[in-house]
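Chain and residue survey
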Amino acid sequence: MRLLAAVDLGEGLESVVESARFLQEGLGIPAELLHVVPTPYFEALGRRFPHLRPGLEEALSQVEKEVQKTLADTGLRARVLRGFPAQVVAGEQDFTHISVSW
């Protein structure tokens, strides 16, 4: 069993991370942070305006790298995924969900 803390990098990030650490230690269950880059809008833009697709992809890749760095600094396991956030988080059904900060 693992604990999933879905984070959006907003003002609540630190409190979600602290909750995940506390529960990880208290329950002895590894916690993992999950951030979902909300890509559906950008994918639709790329389909509508193909000439923008390379720039959008580059920007999304940079965002993923920066988010990964930020989450790595917490000391907890972390993943950065793409998609519709609610669907991606719901798809993580093998987790015990502890917190969402959307």
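Conventions we followed
- Residues numbered from 1 in each chain as written.
- Predicted model: local features only at pLDDT ≥ 70, side-chain atom pairs only at ≥ 80, totals over all residues.
- Heavy atoms only, no water.
- Axes fitted to C-alpha atoms, helices over the stretch in contact; angles between N-to-C directions.
- Helix = DSSP H or I, 4+ residues; strand = E, 2+ residues; numbered from the N terminus.
- Parallel < 35°, antiparallel > 145°, perpendicular 65-115°, else oblique.
- Left-handed = near helix turned anticlockwise from the far one by under 90°.
- Contact = heavy atoms within 4.5 Å.
- Salt bridge = Lys/Arg side-chain N within 4 Å of Asp/Glu carboxyl O.
- Buried < 20%, exposed > 50% of the residue type's maximum accessible area, 1.4 Å probe, protein only.

Time to look at the packing of helix H2 (residues 40-48) against helix H3 (residues 53-72). The contact between H2 and H3 brings their axes to 9 Å, and the two run at 160°. Our classification of the angle between H2 and H3 gives roughly antiparallel. Regarding H2 and H3, the two cross each other, and that crossing is left-handed. On the side of H2, the interface is formed by Phe42, Leu45, Gly46 and Arg47, while H3 contributes Arg53, Leu56 and Leu60.

This brings us to the pattern of salt bridges. Applying the stated criterion to the full structure yields seven salt bridges. Close ionic contact of Glu92 with Arg79 constitutes a salt bridge, the shortest N to O distance being 2.6 Å. Of this pair, Glu92 sits in the loop between helix H4 (85-90) and strand S4 (96-100) while Arg79 sits in strand S3 (residues 77-83); the two residues are 13 residues apart in sequence, bridging distant segments of the chain. On the basis of relative accessible area, Glu92 is assigned to the buried category, the value being 15%. The network of salt bridges with shared partners includes Glu32, Arg77, Arg79 and Glu92.

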